[in-house]
Amino acid sequence: MEGLSWSASGRDIVRDVDLEVRPGETLGLIGPNGSGKSSLLRCLAGIRPASAGAVRYDGQDIRGWSARRIARHTAFVEQATEAETDLRLGDVVALGRMPFRGRWRGPDRTDREVVDAALARLGLTGLRNRAWRTLSGGERQRAHIARALAQRPRCILLDEPTNHLDVRHQYELMDLLAGTDRTVLVALHDLSLAARYCDRLVLMHRGSLVASGPPGTVLTPGRLRGVFGIDAETGHDRLGNLTVACRGVARDPA
Ligand SMILES: Nc1ncnc2c1ncn2[C@@H]1O[C@H](COP(=O)(O)OP(=O)(O)OP(=O)(O)O)[C@@H](O)[C@H]1O
């Protein structure tokens, strides 16, 4: 991202963001509600064209790229987008193969194998024939992640992927994301999960990138107060994980 901005209704929602995401990195995008995380991810997925600056994949500006070309490179798991559909769970996961199929060609053996592997990876094999409308929020969320894996992308963008998941599935997903050699950019509200699993955190505030670095350098009491408006301390638990202990809402946020 180079000088990346996106505006709507006459307002800059993403402002002048410069950020290089390194191949294989797990990058956590954090920031309060409305700070521009989803908008930034949509710019990266090519859904929002930059109003200034550029998004580059491997140095190439994506302006003018087709959705299909972007999808061969990058998968995007948006915040719960609930469309009523008659599809089965397996059909939704198989949508991840669409960018690789000719217009009139059905799924081939590779497509089927990749979909089977993605279903197994998310523990969804037994649910592949279930009607979409009968699935729980967490099952749908995992299906969207399996669909993204079926794209075999080099880069995965995820917007709050843990929000419907129970605690075990949250850890399973974060293990999966941190363990993959793909480049991952994930927006998270859970600061402890973000600190534990991400190589680097990027903090957004009012559309701008205000800090970036290893979790311990980004999550400071000053930023938690100034950006999130909470009175908190950081430390480590007995397992060595970074913790954010919150006393409450800051009385005098910056
Ligand atoms: N199409 C749009 N038109 C006008 N304003 C928009 C549009 N899309 C987003 N916004 C505004 O831009 C700001 C940033 O929204 P965005 O969804 O990117 O934030 P976020 O950091 O992902 O928030 P959250 O944590 O609540 O999901 C918000 O104030 C939102 O209302």
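Procedures and definitions
Residues numbered from 1 in each chain as written. Predicted model: local features only at pLDDT ≥ 70, side-chain atom pairs only at ≥ 80, totals over all residues. Heavy atoms only, no water. Helix = DSSP H or I, 4+ residues; strand = E, 2+ residues; numbered from the N terminus. Buried < 20%, exposed > 50% of the residue type's maximum accessible area, 1.4 Å probe, protein only. Expected span 1.5 Å × (residues − 1). Pairing = 2+ DSSP bridges. Patch = residues over 30% accessible without salt bridge, like charges linked within 9 Å, V, L, I, M, F, W, Y side chains within 5 Å. Areas by Shrake-Rupley, 256 points an atom, 1.4 Å probe, with all protein chains shown as cover. Salt bridge = Lys/Arg side-chain N within 4 Å of Asp/Glu carboxyl O.

In the nomenclature of an unreviewed UniProt entry, the protein is known as ABC transporter ATP-binding protein of Planobispora takensis.

Moving on to unusual backbone geometry. A positive phi angle, close to 50°, is found at Ser9, a residue other than glycine. Take Ser9: it is sitting in the loop between β1 (2–8) and β2 (11–17). With a phi close to 50°, Arg152 is a non-glycine residue in the positive phi region. Relative to the assigned elements, Arg152 resides in the loop between α5 (137–150) and β8 (155–159). Classification of Arg152 by relative accessible area gives partly exposed; the value is 47%.

Now for α5. A rise of 1.5 Å per residue sets the reference length of α5, with its 14 residues, at 20 Å; its end C-alpha atoms lie 20 Å apart and thus fit the reference within 8%. Note on α5: the residue one or two positions beyond its end, Arg152, has a positive phi of about 50°.

Turning to the side chain of His205, a few remarks are in order. Within the secondary structure, His205 is located in strand β10 (residues 200–205). Taking the relative accessible area as the measure of exposure, His205 reaches 17% and is therefore buried.

Two elements, β1 and β2, share four bridges in a ladder whose sense is antiparallel. Residue pairing across strands places Ala8 opposite Arg11, the latter belonging to β2. Here β1 hands over to β2 after two residues, with Ser9 in that stretch at a positive phi of 50°.

Before going further, it helps to examine a nonpolar patch on the surface. On the surface, Leu87, Leu95 and Met98 cluster together into a nonpolar patch covering about 240 Å² of accessible area. Locating Met98 in the fold gives a position in the loop between α3 (89–94) and α4 (109–121).

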